[in-house]
Amino acid sequence: SPLFPYSHSTIELFVNRLDSVESVLPYEYTAFDFCYDESEKRPSENLGQVLFGERIEPSPYKKNMECQSVCPKSYNTEKAEDKAKLEFLKKGMLLNYQHHWIVDNMPVTWCYDVEDNQKFCNPGFPIGCYVTDTGRAKDACVVNADFNDKDTFYIFNHVDITIFYHVVENEAAGARLVAAKLEPKSYKHTNWEKPDCTGPPMSLGNKFSGEIKIPYTYSVKFVEDKTIRWASRWDYILESMPHTNIQWFSIMNSLVIVLFLSGMVAMIMLRTLHKDIARYNQMDSVEDAQEEFGWKLVHGDVFRPPRKGMLLSVFLGSGTQIFIMTFVTLFFACLGFLSPANRGALMTCAVVLWVLLGTPAGYVAARWVNEEINNSFELKVVFADFFVMNLILWGEGSSAAMPFGTLVAILALWFCISVPLTFIGAYFGFKKSGIEHPVRTNQIPRQIPEQSFYTKPLPGIVMGGILPFGCIFIQLFFILNSIWSHQMYYMFGFLFLVFIILLITCSEATILLCYFHLCAEDYHWQWRSFLTSGFTAVYFLVYAIHYFFSKLQISGLASTILYFGYTMIMALIFFLFTGTIGFFACFWFVTKIYSVVKVD
């Protein structure tokens with residue numbers, strides 16, 4: 001609850017996993033040999049948190065005191081175990097691993113001044129920092145001029161925690177916590193039993209050998225702040241998140257492009273089609289009919305079942321599942337059910353929806369194909385990929401590795417709920433009579449004339465993916481940032497807009513290309529329409545690779561493999577999602593135009 005006891009004697013401070021921008025691997029708090037509290041039990045986590053590798057633990061930082069010692073940690077480099085722990089701690093500082101602490105479900109932030117007198121509030125703070133052998137202060141070492149020994153690590157072993165609260169008058173004695181901030185410091189306490197929190201920083205030479213003692217201490221103070229309302233207490237963190245203003249600009253930009261495009265498409269389509277249909281329906285005499293040309297010629301072949309129809313139907317079933325899941329999740333997120341304060345809610349919501357949406361998937365797949373259906377294709381691929389990723393994470397001892405129990409639980413969700421639902425859907429799909437086509441299909445397939453370069457399959461497919469990708473790529477930058485650079489993503493309103501824009505552009509680009517192909521008397525539209533909009537995923541993949549090399553400073557083989565493994569899963573899901581939109585748009589279009597022409 002937001003109320004905490006008015007006697008400021010204790011605070012409930014939880015510690016989350018540590019992560020780094022330079023490595024994809026998060027580690028649990030206990031992996032680093034910090035002081036921790038064994039007496040208390042851990043709070044339970046939801047599915048989304050477990051999937052994202054969040055591990056929340058109680059911490060020993062409790063009392064409201066000045067300069068209170070927590071525990072000293074001694075290391076002797078002669079002992080192999082101590083040496084390994086110290087090496088791990090150094091590696092954590094070198095890669096700039098960040099603590100994430102939580103009080104009353106609020107991240108404890110470290111606020112500092114950046115250029116143009118702006119304050120930046122980081123929802124985490126580093127373990128320590130490193131000064132290179134050339135004397136260059138890396139990362140957080142720039143905050144203190146005393147951090148100047150070459151080839152040395154400095155450990156932030158002291159934190160000043162400030163809790164901001166305001167008293168609520170009309171309620172029983174209680175105060176509401178509105179912000180929690182801290183400042184990491186480094187002190188080499190000479191007498192750790194009675195620390196005074198002054199003096200030189202706690203340094204650790206890179207080549208150091210022998211015995212070293214690292215004492216951990218903290219101070220807590222409470223400050224009343226009447227200006228912040230409890231409801232808007234997240235604002236100060238979100239405000240210091242960079243680039244919110246770029247957002248509006250980019251959205252407006254892509255909206256204008258989309259409107260322009262839609263206008264053009266609609267105009268071309270309506271005018272040309274209108275003329276075509278009028279002309280086709282006016283041909284009375286036999287002579288005219290012999291000089292038929294354009295898309296009406298292929299009316300006897302346009303609904304011929306495609307090659308590898310089974311695979312296409314499985315793709316469509318999976319795509320429908322993804323589409324509905326994305327739509328519902330985003331809709332809830334827009335209404336504010338899945339805010340960043342509600343940890344792991346977004347992922348939990350998506351996974352549960354995914355499992356429950358087996359029925360529409362089975363139904364759609366069955367309507368397209370009349371044979372026994374196995375709609376677990378893409379799940380097998382995703383699961384295999386996921387399993388390999390998990391093995392790597394286990395090998396590295398990271399907290400993002402799913403506990404075995406969770407893996408089993410997800411498999412159970414899939415087998416016991418999703419698969420039966422898929423079969424129920426398929427059963428209803430088969431029971432309905434096949435889709436009624438507006439025109440009969442001829443016995444003998446007609447010959448497709450020689451195509452020009454533009455109407456050959458490949459150039460069309462490659463062109464088709466450009467427009468939808470252009471709409472999403474700025475959002476993509478923010479989403480990738482929130483996944484890999486650990487920034488909070490809260491702009492679901494924008495994302496929903498972009499989702500709608502993506503839907504429109506995918507449909508329009510596909511329909512336009514579909515029309516050109518039919519005019520060129522090429523009637524293989526099924527796979528082509530799926531691939532045309534699905535090609536957006538290939539651009540997504542290229543962009544993710546560019547992002548990896550230009551924006552991320554990820555080092556290490558395991559991290560790199562993980563990055564590309566997860567990117568592959570995202571690209572596959574995105575491929576099925578956009579492909580399905582394209583296919584259904586094109587299907588609707590083809591059905592529509594052939595139902596209005598008179599066919600002898």
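Just above, that's the structure.
Residues numbered from 1 in each chain as written. Predicted model: local features only at pLDDT ≥ 70, side-chain atom pairs only at ≥ 80, totals over all residues. Heavy atoms only, no water.

Draft legend 1. Broad picture of empty space enclosed by the protein. Considering all chains together, one arrives at five cavities of 30 Å³ or more under this definition. Lining the second largest cavity are 14 residues, with Tyr61, His99, Trp101, Phe156 and Tyr216 positioned closest to its centre. Contributions of two or more residues to the lining of the second largest cavity are made by β15 (158–167) and β18 (211–224). Grouping the amino acids of the lining of the second largest cavity by side-chain chemistry returns ten nonpolar, four polar and no charged. (1 Å grid on protein atoms, 1.4 Å probe; cavity = no way out; pocket = protein on both sides within 12 Å on 5 of 7 lines; lining within 4 Å. Points joined across faces, edges and corners; volume = space filled by probe spheres on them. Helix = DSSP H or I, 4+ residues; strand = E, 2+ residues; numbered from the N terminus. Nonpolar A, V, L, I, M, F, W, Y, C, P; charged D, E, K, R; others polar.)

Draft legend 2. Examining the nonpolar core more closely. Core analysis: the biggest nonpolar cluster contains 154 residues, and Trp101, Trp295, Val590 and Tyr594 have the highest contact counts within it. Considering each element in turn, this core owes the most residues, 19 residues, to helix α16 (residues 557–596). Once residues within four sequence positions are removed from consideration, Tyr594 is found in contact with Trp295, Lys296, Val298, His299, Val302, Phe303, Pro438, Val439 and Leu518. (Core = buried A, V, L, I, M, F, W, Y, C linked by side-chain atoms within 4.5 Å. Buried < 20%, exposed > 50% of the residue type's maximum accessible area, 1.4 Å probe, protein only. Contact = heavy atoms within 4.5 Å.)

Draft legend 3. Representation of the sheet that holds strand β5 (residues 57–58). Pairing is antiparallel in the open sheet, where four strands are placed in the order β5-β2-β8-β9. Sheet topology places β5 and β9 (106–107) at the edges, where each strand pairs with a single neighbour. With two bridges joining them, strand β2 (residues 13–15) and β5 adopt antiparallel strand pairing. In the strand pairing of β5, Val15 is matched with Glu57. (Pairing = 2+ DSSP bridges.)

Draft legend 4. Local environment of the packing of helix α13 (residues 492–519) against helix α14 (residues 526–534). Running from N to C, α13 and α14 cross one another at 140°; their axes reach a closest spacing of 9 Å. With respect to α14, the element α13 is oriented oblique. For the pair α13 and α14, the sense of crossing is right-handed. Where α13 approaches α14, its residues Cys506, Thr510, Leu513 and His517 are matched on the opposing element by Arg528, Ser529, Thr532 and Ser533. Tallied by class, the residues present in the contact of α13 with α14 amount to two nonpolar, five polar and one charged. (Axes fitted to C-alpha atoms, helices over the stretch in contact; angles between N-to-C directions. Parallel < 35°, antiparallel > 145°, perpendicular 65-115°, else oblique. Left-handed = near helix turned anticlockwise from the far one by under 90°.)

Draft legend 5. Expanded view of the pattern of salt bridges. Tallied over the entire structure, the rule returns 14 salt bridges. Between Arg233 and Asp104 there is a salt bridge whose closest N-O contact spans 3.0 Å. Remark: Asp104 occurs in the loop between β8 (101–103) and β9 and Arg233 occurs in the loop between β18 and α3 (235–239); sequence separation between them is 129 residues. Its relative accessible area of 7% is what places Arg233 among the buried residues. (Salt bridge = Lys/Arg side-chain N within 4 Å of Asp/Glu carboxyl O.)

Draft legend 6. Region of interest: helix α11 (residues 457–464). Listed as buried for α11 are Pro459, Gly460, Ile461 and Gly464. Tucked inside the fold, the buried residues of α11 contact α12 (466–484), α13 and α14.

Draft legend 7. Focus on the packing of helix α6 (residues 309–334) against α13. With their axes 8 Å apart at the nearest point, α6 and α13 run at an angle of 150° to one another. In this view, α6 runs roughly antiparallel relative to α13, as classed from their interaxial angle. α6 and α13 meet at a crossing whose hand is left-handed. For the pair α6 and α13, contact is made by Phe323, Thr326, Phe327, Leu330, Phe331, Ala333 and Cys334 and by Phe492, Gly493, Leu495, Phe496, Phe499 and Leu503, respectively. Split into classes, the residues belonging to the contact of α6 with α13 amount to eleven nonpolar, two polar and no charged.

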